[in-house]
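# Coordinate analysis (summary)
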Amino acid sequence: MKHKDDVQITTVNKLNDIKPFWNGAFNLIFIIYALCCIVPLVLIIGISFTDEKTITVHGYNFIPKVFSLEAYKWVVKTGEAIFRAYGISIFVTIVGTLVSLAIIAMFSYVISRKDFKHRNKFAFIVFFTMIFNGGLVPWYMVYVNILHMNNTIFALIVPSLANAWYVMIMRTFYQTNVPDSLIESAKIDGAGEFRIFIQIVLPLAKAGLATVGLFQCLQYWNDWYLPLMFVDDANLFNLQYLLYKTLAAIQYLSQAANLPQGSQALANLPSETARMAMCTLAIGPIIIAYPFFQKYFVKGLTVGAVKG
Amino acid sequence: MQKAKRLIGLALVTCMAISMIAGCGKTEEASPSTATNSAVDTSASTGTETLDPVELQWYVVGNGQPNDMDKVLAEVNKYLQPKINATLKLNIFTWGDDFENKMSAKIQSGEKFDITFTSNWACNYQQNAPKGAFVDLTPLMDKYAPKTKELLGEKVIKGASINGKLYAIPTNKEMAHNWGFLINKDMADKYGIDLSTIKKFEDLEPALKIIKEKEGANGVEAFQTLTGESAYRVLDFEKLVDDNVPGAIYGDGRDTKVVNDFATAEAMSLFQTLNKWYKAGYIRKDADTITDYAPARKAGKVFATTASLKPGKDAEQSISDGVNWTQIDITPPRATTREMTGSMQAISKTSPNPERALMFLELMNNDAFLCNLVNYGIEGTHYTKVNDTTIEQTQAGKDNYNNSLQWLFANQFNTYLFTTEDPQKWTKFKEYNASSVASPILGFTFNTENVKTQIAALTAVKKQFMPGLETGKVDPATVVPKFTAKLEAAGLKAAIDEMQKQVDEFVAANK
């Protein structure tokens, strides 16, 4: 016994509702997608706890047929190198993210201000690097032959400090979220440029900063290319590079049988389970970083939409 | 606002300053090579005896930097300083991309370093040397490395030279190869297979039959031949470009006529044998889709496979696989450019002290103490001597200084042997080298410039047809003609003609 209004409301709601078929379909797609992301991870963790011999005989298993901590024991034993690499990764990620956030925030703020006469020129300089770049060799030469950054910790930080794309994102973020009138009123109240930037603009841009910060954080944590190019000194290897190096070597050696004594070299590399243990350890901290950023991440997406 | 402007101004000035320095950097880069050349000339003419202290930077490929590298280098330097007043800095990079990327960046950017590992498979010698990345050692050898020159001998130096110029010093090791089988000895013994009757490729068949019957159910591959890592190589053609490109001379050195090796009668007969074996189930069904040969071997699921051999290859392979292998030689030992350029040390054009680098390499080649120090670390710490030529690694040596690069560091014949190795190993190597027949085109390197497109097309065709043939999956009687037709359409004739032309020129020039 429904009222006419009720019927209308439910029909409206029904019209707005997603159809059960599509609802199910979307859910299914995302479940499959999520599984594609999670299953390999679980497998890696599973392998890292499996006994090495079992893998050769039975192949990979999600639940270890023969449970073994051998791989982690190996990691701890060769320890020094891996723990130092851990330290380097953490240091580079924290320092790199903070410094690059500072640079990106300042640069994009300046070019977002309409009263800055040369803002288009500076925006162009940044934008230009998104389309054209000097290529690998000149890039390498600048850092090695001119700045002499190779084999220093700077080589792992400096090249990723400024990212043109994030500068553009932040500029747009300032333009949409920080009204000019706010800056003007602060000026009238007697605030200097730095006070305006730090006390008024930055708190408003928190969501944007968190987004860029998360990306930069991942960039620094997952980077193996910079140490590959610039670091020869084993004391400065980061975790991802250590992993990459081992995997690349194994892949190379296992496909080149007529290399002089390639097989002998292969025997000296860490076993399958040890590699997976390294991999598991490398995932660790960055997973912890996610929820921290996520709070702002979601906010960053909604703030503009609701107010707009 | 004012402050911001000022800051920006500062940034702009810094930017400009950097770009100016970058501009200068380029002109600066060209000068070291001329400078070093003149340095070589003067020191060669005056023959100065007093040497300034220098640091030599040496890059090689391996398992990465061992933990105790600094300790060992300290010992090396203690030894080196009184001799040639140099200190060594040795960096071992990792196989594959790591070494390749690092070295190509260093070479292309003109970064200063002294010595690098080079070969036909890593930090490519044939590509880098003609580009001028390495110092031409030919005029320096007599003065700075006479003993090494004598040690290597004319055959090796010729094989390692490009257009008569030696750009790198080959490691003194086995300088020949031959092909044959690796056989799982435990399995052979178990079923009483008499391996001594196996003299040629086809002779293996009865043994395969037994293994298939007895062990087939346990998932044992009687004969392993995979894409790339296949039995085809047992024909031992001397390829002119690489394994993917047709065009070779006969490995026995009968003449210098370039042929399409994939279409020879020998290849046809091999493909037929493989096809027969495949049909009989001696070869795994999915062989043509697999490239990683190691897992099955290590798991003890392979009875026989083909391999590039040298004396003691079976023992070496047994240690790394944990399977008891024995080797059967099928082809006679042959010395080709490939072995000569398999492991070498080149001196960089950017080296500030090329003559000192060469003096160091001379020392590495002739001083057994230094060679062993670099190879095995410090006596008492990393290894203990069992007798004069044999050592045993300590646990510290296994954990912290385990390079396994005896084939790379200078003179393998001067290195100690492990207790697990044949004490006669080096004598056998020397005999093997002496017994090898040199290729008629030793030292020849094919210049692909004129036929680049054909080579790319031929490679693509090879990759389409060869996996089926080299694993016996397809019938060669129908596939080989198709394969040949496709190769011809891809420009086979132009490529072969170009190869023949270059080979003929090389032969004429080296008469």
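Small disclaimer: the values here were computed from a predicted structure and weren't measured.

## A closer look at the overall build of chain B
A tally of helices and strands in chain B yields 19 helices and 18 strands. Here the C-alpha atoms of chain B give a radius of gyration of 26 Å, agreeing with the 24 Å that 2.2 N^0.38 yields for 511 residues. Taken over the C-alpha atoms alone, chain B extends approximately 80 × 65 × 60 Å along its principal axes. For chain B, buried positions account for 45% of its 511 residues.

## Observations regarding the overall build of chain A
Looking only at helices and strands, one finds 16 helices and zero strands in chain A. Split into buried and exposed, the 308 residues of chain A put 30% on the buried side. In chain A, the share of contacts with a sequence separation of at least 24, taken over all contacts with a separation of at least 6, comes to 71%.

## A few points about the UniProt feature "domain: DUF3502" (unreviewed entry) in chain B
In this structure's numbering, the residues bearing the UniProt feature "domain: DUF3502" (unreviewed entry) are residues 440–508 of chain B. In residues 440–508 of chain B, the share of helix is 72% and the share of strand is 0%. The end C-alpha atoms are 12 Å apart.

## A look at the domain arrangement of chain A
Residues and elements named next belong to chain A. On domain assignment, one finds that chain A holds domain 1 (14–68) and domain 2 (79–307). Contacts between the two partners involve seven residues from domain 1, matched on the other side by seven residues from domain 2. It is helix α2 (residues 20–48) that provides the largest number of residues to the side of domain 1 that touches domain 2, a total of four residues. Of the residues in the side of domain 1 that touches domain 2, the class split is four nonpolar, two polar and one charged.

## Overview of helix α17 (residues 452–470) of chain B
All names here are of chain B. Here α17 spans 25 Å end to end across 19 residues, near enough to the 27 Å set by a 1.5 Å rise per residue. Buried residues of α17: Q454, I455, L458, V461, K462, M466, P467, G468, L469 and E470, and no others. Looking at the buried residues of α17, the elements they touch are α9 (265–279), α18 (476–489) and α19 (492–509).

## Description of helix α12 (residues 206–222) of chain A
Counted at 1.5 Å a residue, the expected span for α12 of chain A with its 17 residues is 24 Å, and the 24 Å between its end C-alpha atoms agrees. All of the buried residues in α12 of chain A are G208, L209, A210, T211, V212, G213, Q216, C217, Y220 and W221 of chain A.

## Focus on the pairing of strand β2 (residues 86–94) of chain B
All names here are of chain B. Bridge analysis of strand β1 (residues 54–62) against β2 gives nine bridges, and the strand direction is parallel. When the bridges of β2 are listed, G62 appears paired with T94. Taken together, β1, helix α2 (residues 69–84) and β2 constitute a β-α-β crossover, and its handedness is right-handed.

## Here we look at the UniProt feature "transmembrane region" (unreviewed entry) in chain A
All names here are of chain A. In the numbering adopted here, UniProt assigns the feature "transmembrane region" (unreviewed entry) to residues 21–49, 85–110, 122–141, 153–174, 194–221 and 274–293. For residues 85–110, the end-to-end C-alpha separation is 37 Å, with 100% helix and 0% strand making up the annotated structure. Spanning residues 153–174, this segment combines 68% helix with 0% strand, and its end C-alpha atoms are found 32 Å apart.

## Some remarks on the environment of N150 of chain A
If you trace the backbone, N150 of chain A turns up in the loop between α7 (136–146) and α8 (154–157). Those residues in contact with N150 of chain A, other than ones at most four positions away along the chain, are Y143, V144, A155 and F230 of chain A.

## Focus: the sheet that holds strand β16 (residues 390–393) of chain B
All names here are of chain B. Taken in spatial order, the three strands of this open sheet run β15-β16-β17, and their pairing is mixed. Two strands in the sheet have a free side with no partner beyond their single neighbour: β15 (383–385) and β17 (417–418). Where β15 and β16 come together, three bridges link them in antiparallel fashion. For Y383, the partnering residue across the bridge sits in β16 and is Q393.

## Re the packing of α17 of chain B against α18 of chain B
Describing two packed helices takes the angle between their axes plus the distance from one axis to the other. Residues and elements named next belong to chain B. Look at α17 against α18: their axes get within 10 Å of each other, and the N-to-C directions meet at 175°. For the element pair α17 / α18, the angle class is roughly antiparallel. Contacts between α17 and α18 involve L458, V461, F465, G468 and L469 from the first element and P476, V479, F483, K486 and L487 from the second. The class makeup of the residues in the contact of α17 with α18 is eight nonpolar, one polar and one charged.

## Let's talk about the sheet that holds β1 of chain B
Residue and element names in this part refer to chain B. The strand order across the open sheet built from five strands is β2-β1-β3-β14-β6, with neighbouring strands paired in mixed fashion. Strands at the two margins of the open sheet, each flanked by one partner only, are β2 and β6 (168–170). The average undirected angle you get between the axes of adjacent strands in this sheet is 25°. Those strands touched by helix α3 (residues 97–108) are β1, β2 and β3 (115–118), and its axis lies near 130° from that of β2.

## Regarding the pairing of strand β7 (residues 178–184) of chain B
Each regular strand shows side chains that alternate between the opposite faces of the sheet. Residue and element names in this part refer to chain B. The element β7 is largely enclosed, with a buried count of six among its seven residues. Inspection of the sheet shows β7 paired to strand β11 (residues 302–309) by six bridges, in the antiparallel sense. Counted as the bridge partner of G180 is A307 from β11. Bridge count for β7 against strand β12 (residues 325–329) is five bridges, and the pairing is antiparallel. Across the sheet, residue N184 finds its bridge partner in β12, namely W325.

## Quick notes on the confidence of the model for chain B
Residue and element names in this part refer to chain B. Summary statistics for chain B give a mean pLDDT of 85 and a share of 90% for residues scoring 70 or more. The low-confidence segment residues 15–48 (pLDDT under 50) makes 18 contacts with residues lying over four places distant or belonging to another chain. Here the predicted complex scores 0.78 on pTM and 0.76 on ipTM.

## Some thoughts on unusual backbone geometry
Positive phi values are uncommon outside glycine, yet H148 of chain A reaches one of about 50°. On the secondary structure map, H148 of chain A appears in the loop between α7 and α8. You will see that D236 of chain B, though not glycine, has its phi angle at about 55°, which is positive. Relative to the helices and strands, D236 of chain B is located in the loop between β8 (221–224) and β9 (238–239). With 20 C-beta atoms packed within 10 Å, D236 of chain B lands in the buried category.

## Observations concerning the nonpolar core
Counting residues in each nonpolar core, the largest one holds 164 residues, and the members touching the most others are L208, F303, A304 and L361 of chain B. Per-element accounting of this core gives the leading share, nine residues, to helix α14 (residues 239–254) of chain A. In this structure F303 of chain B touches I183, N184, M187, I211, V220, E221, A222 and F223 of chain B, once residues within four positions along its chain are discounted. By size, the runner-up hydrophobic cluster in this structure holds 21 residues, among which are I104, V110, I196 and A205 of chain A.

## Structural notes on the packing of helix α6 (residues 146–160) of chain B against helix α13 (residues 354–366) of chain B
Residues and elements named next belong to chain B. Here α6 crosses α13 at 50°, and the two axes come no closer than 8 Å. Here α13 runs oblique to α6, going by the angle between their axes. Considering the relative orientation of α6 and α13, their crossing is left-handed. Contacts from K147, T148 and L151 in α6 reach L361, E362, N365 and N366 in α13. Class assignment for the residues of the contact of α6 with α13 results in two nonpolar, three polar and two charged.

Scoring rules and cut-offs
Residues numbered from 1 in each chain as written. Chains lettered and ligands numbered in written order. Predicted model: local features only at pLDDT ≥ 70, side-chain atom pairs only at ≥ 80, totals over all residues. Helix = DSSP H or I, 4+ residues; strand = E, 2+ residues; numbered from the N terminus. Rg over C-alpha atoms; globule rule 2.2 N^0.38 Å. Buried ≥ 20, exposed ≤ 12 C-beta atoms within 10 Å, placed from the backbone. Contact = placed C-beta atoms within 7 Å. UniProt positions renumbered as here; feature names shortened; annotations may be inferred. Domains from an automatic or database assignment. Nonpolar A, V, L, I, M, F, W, Y, C, P; charged D, E, K, R; others polar. Expected span 1.5 Å × (residues − 1). Pairing = 2+ DSSP bridges. Right-handed = clockwise from strand over helix to strand, strands pointing away. Axes fitted to C-alpha atoms, helices over the stretch in contact; angles between N-to-C directions. Parallel < 35°, antiparallel > 145°, perpendicular 65-115°, else oblique. pLDDT = per-residue confidence, 0-100. Core = buried A, V, L, I, M, F, W, Y, C linked by C-beta atoms within 7 Å. Left-handed = near helix turned anticlockwise from the far one by under 90°.

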